[in-house]
Number of protein chains: 2
Amino acid sequence: MSDTNNDSMGRGTQGTKMSKHHKKLTASAIKGAIQLGIGYVVGNLNSKPDRDVLMQDFSVVESVFLPNEGSNLTPAHHFPDFRLKSYAPLAFRYFRELFGIKPDDYLYSICNEPLIELSNPGASSSWFYLTSDDEFIIKTVQHKEAEFLQKLLPGYYMNLNQNPRTLLPKFYGLYCIQCSGFTIRVVVMNNILPRAMKMHYKYDLKGSSYKRCASRKERAKSSPTFKDLDFKDMHEGLNLDSETYNALMKTLQRDCRVLESFKIMDYSLLLGIHVLDHKPLSRESRCDSRKGQKVLYSTALESIQGSMKDPEPLGDDDTFGGIPAKYKDENLPHLSGDN
Amino acid sequence: MSDTNNDSMGRGTQGTKMSKHHKKLTASAIKGAIQLGIGYVVGNLNSKPDRDVLMQDFSVVESVFLPNEGSNLTPAHHFPDFRLKSYAPLAFRYFRELFGIKPDDYLYSICNEPLIELSNPGASSSWFYLTSDDEFIIKTVQHKEAEFLQKLLPGYYMNLNQNPRTLLPKFYGLYCIQCSGFTIRVVVMNNILPRAMKMHYKYDLKGSSYKRCASRKERAKSSPTFKDLDFKDMHEGLNLDSETYNALMKTLQRDCRVLESFKIMDYSLLLGIHVLDHKPLSRESRCDSRKGQKVLYSTALESIQGSMKDPEPLGDDDTFGGIPAKYKDENLPHLSGDN
C-alpha cells in the first residue's frame, strides 16, 4: 500500500474478495461500515449478562445483517447493505476486560471519530487503520489468518492467564465485513507505537543477521523501521538494569515458547526508542557524557516486571512510559512488543 | 464392590482389562504399583523446570516401564513389571500448584503409607482408594472416562482460572497402570469428606424428586448417603446467611454451566452435614431451641466466598471448617462439593 490515502478500493488484493458485479466501494464506506458494525455488535454484547467463557465460545461466529434502511434490530445507515460477523465475541469481551478496556471506551475509541488509514509499515499485504485517539490499530487479515487466529484463541487465553506480562499483541476483537461483494476481515489490536510519543528509532528485530538491513526505500522514509543489523550498527545494544533485563528476557522466552507452540516462525520484536532530551546519535557524540534524565516507569515496564508499589507520579507528558534503558551514558526509555 | 476389602483382584470388572494369560494380581500389588508409579513420575517431574502450560500439554501421555529388577532410570521393586502412563503431566502439575498442593506433600501423601481401600459410595463400578492422611481419593476410571476427562482439561483449566471458587472436583492427576495383563486407570482427587470430620448426614443431591430416595440397603449402612427426597423429609432445607447463600448459588450456577458445556448430565452435589454439639434430629427435637455454637469459617466457606481478611484463628479440632448453616435453631456447618 502506498503512503498516501487511496479513497478508491475497487481493486483486488489478497485481503479482499470481489464478486463479479461488485460496486465500487469507497474507503470511507469501508471504514464507516467497520465502525458501525463493531459499534453495533459490541453495544449489543453489553446488554448480554456477563458469564464465564467456555471452550465452545472460542469457535463461535455471530453474524448480523445491517441493511442500509435499518431493521427492527439494526440502525439505518448511509453505507451499502452489509453483513458483520463477530468471531468469538464472548472470548474477546473477556480479553478486553482482562486488558482493562471498558466497553464504553472501546466503543468510543472505535466509533466516535473517523479512522485514520496508515501506510503499511511491514511487508504484509494488510491495511492498517488507527483510531483517532491513538488507542487501537485495526488491521485487515486474510481469511486463513483470521481462521488461524481463531484457532489459537484457547492457547492465547492460557498465555494471558499464566503470563500477564506477555509482550505478544493484545487482540481486542476479530470481525468480518461483507459489503457490496467485498469481504474484509479485521483484527483490532493495541497500538504499541502511539503517534503522540515520538520514536526516534524503530526496529523490527528477529534475532537474525541474515538480510536483516532496512531497504533503501525504507531508510528514505521520514520515520523508517530499521532491522537487526542496523540496530547493531547504530546502537551496539542497550543497557538495561539487571532486574529489567532479566524480566524482559524471561518474558521474551515465554512469549517465544508460546509462538513456537503455535508453530509461528515469522515474528519479530517491534522496538521503539524514545531518546530523552534527544540529540542525534552520531559517531562523534556516542561516547559523550550526557546529563542524566529522569527515567520513567509506566505501563510497558510494569507489563514485564509486574505491578510496582508506590510508582513515581507521572507528569502529563510522561504517561507513555516505557522501559528505561541507557545507551552508554544516554537514557533511552523504549517501548517494546512482540509482533 | 463389597464393603469388605477383597485382596484378590483376579476378576474381570468394567474398570479392568484382562489378558488371557494374566497372573493373579493382588490388591496390595495394585496399590503398591499405583504408589510407586505415581511416586516415580511425580518425582521425575520435579526435576523438570517449571514452564507455562501450553494447549498441546493437555493431550500428552507420558509412558514409563518399571521392570521388577529396576533399570537405569527406574527403581527395583517387589511387584510384577508394570508400565505407568501419566496423562497431561504438566497440566496436572499446574493444577496441583493452583490448588496449593506442594510436590513433596503430594508424593508424601500418596507414597508414604499404604492406601486404604474404600467401599464404593456410589452407583459406579469404580474402586476407591484413600491416602492414609485422608487428603486424596484415588478412583479407578474406565478407558472412556479417562479419555473424556483428558479432553475436558482445557475447559477445566478455564474454569479454574475464571471461577476459583468452583465446587467441582479437584483433579490432581490421571494415570494408567498396566501390570500383568491388567490395565487400571486412576484419577487422583480431593477428599471432600475426610474421615476425621464426622458427617452426621450425607446427601447426594441432584435437584430432582424422581426416584430420589436412598435405597433400603443404603439406609442400613452405618453412614448412609441420602438423596433429595430424604433431605427434604429430614431437613426441610438449611438456613444460610444471605451472603453465603448468594455466593453458593452463584458458584453452583457457574459450575452447572461448565458441566452443561461438557455435556455432562449425571452429576450431583455431595453434601455433608456436621452438627455442632450433635443431638439426633428426631421429629420431636426439631423445633427445640438449642444453645448456639461457634460457627466455623474455613476452606470450604472461603472457597465460595473468596479470601477473607483476618480469619478467626482455628483450634486444632476446627481445621476442617465448612459452610455455616442453621437448621432452625441449630448450627450446622456442612461441606459441599459438586460430584
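Residues numbered from 1 in each chain as written. Chains lettered and ligands numbered in written order. Predicted model: local features only at pLDDT ≥ 70, side-chain atom pairs only at ≥ 80, totals over all residues. Heavy atoms only, no water.

S.K.: Describe the nonpolar core, naming the residues involved and giving the relevant values.
M.R.: Counting 104 residues, the largest nonpolar core has Phe95(A), Tyr106(A), Phe95(B) and Tyr106(B) as its most contacted members. Setting aside its immediate chain neighbours within four residues, Phe95(A) contacts Phe58(A), Leu153(A), Tyr156(A), Tyr157(A), Leu160(A) and Phe171(A). (Core = buried A, V, L, I, M, F, W, Y, C linked by side-chain atoms within 4.5 Å. Buried < 20%, exposed > 50% of the residue type's maximum accessible area, 1.4 Å probe, protein only. Contact = heavy atoms within 4.5 Å.)

S.K.: I'd love a proper account of unusual backbone geometry, names of residues and values included.
M.R.: Note on backbone geometry: most residues besides glycine have negative phi, and most peptide bonds are trans. All names here are of chain A. Notably, aspartate 134 is not glycine yet its phi reads approximately 75°, a positive angle. When you line up the elements, aspartate 134 lands in the loop between β4 (128-130) and β5 (136-141). You can call aspartate 134 buried: its relative accessible area is 10%. One non-glycine residue with positive phi stands out, namely lysine 263, at about 60°. (Helix = DSSP H or I, 4+ residues; strand = E, 2+ residues; numbered from the N terminus.)

S.K.: Give a detailed account of the interface of chain B and chain A, specifying residues and quantitative values.
M.R.: If you look at the interface, chain B gives 19 residues, while chain A gives 19 residues. When the buried surface of chain B facing chain A is broken down by residue, Asp52(B), Met158(B) and Gln162(B) rank first, second and third, together holding 31% of it. At the surface where chain B touches chain A, the tally comes to 2 salt bridges. For Arg254(B), the salt bridge identified is with Asp52(A), shortest N-O distance 2.7 Å. (Buried area = accessible area lost by both parts, 1.4 Å probe. Salt bridge = Lys/Arg side-chain N within 4 Å of Asp/Glu carboxyl O.)

S.K.: Could you give me a rundown of the packing of helix α2 (residues 89-98) of chain A against helix α4 (residues 143-162) of chain A, with the residues and numbers involved?
M.R.: Residue and element names in this part refer to chain A. Across the interface, α2 lies against α4 with an axial gap of 12 Å and an inter-helix angle of 20°. Here α2 lies roughly parallel to α4, going by the angle between them. As α2 packs across α4, the resulting crossing turns out to be left-handed. For the pair α2 and α4, contact is made by Phe92, Tyr94, Phe95 and Leu98 and by Leu153, Tyr156, Tyr157 and Leu160, respectively. The class makeup of the residues in the contact of α2 with α4 is 8 nonpolar, no polar and no charged. (Axes fitted to C-alpha atoms, helices over the stretch in contact; angles between N-to-C directions. Parallel < 35°, antiparallel > 145°, perpendicular 65-115°, else oblique. Left-handed = near helix turned anticlockwise from the far one by under 90°. Nonpolar A, V, L, I, M, F, W, Y, C, P; charged D, E, K, R; others polar.)

S.K.: I'd like a description of the domain arrangement of chain A, backed by residues and values.
M.R.: Residues and elements named next belong to chain A. The domain boundaries assigned to chain A delineate domain 1 (27-190) and domain 2 (201-273). Computed over C-alpha atoms, the centres of domain 1 and domain 2 are 28 Å apart. Of the residues lining the interface, 12 residues belong to domain 1; the matching set on domain 2 comes to 10 residues. With both chains or domains summed, domain 1 and domain 2 bury close to 930 Å², and 63% of this area falls on carbon and sulfur atoms. Among the residues domain 1 hides against domain 2, the three largest losses belong to Asn163, Leu167 and Leu168. Together they make up 45% of the total. In this assembly, domain 1 and domain 2 are joined by 0 salt bridges. At the surface where domain 1 touches domain 2, the tally comes to 4 residue pairs in polar contact (both at pLDDT 80 or more). Tallied by class, residues from the side of domain 1 that touches domain 2 come to 5 nonpolar, 6 polar and 1 charged. (Domains from an automatic or database assignment. Polar contact = N/O pair within 3.5 Å; in protein donor to acceptor, adjacent residues only side chain to side chain.)

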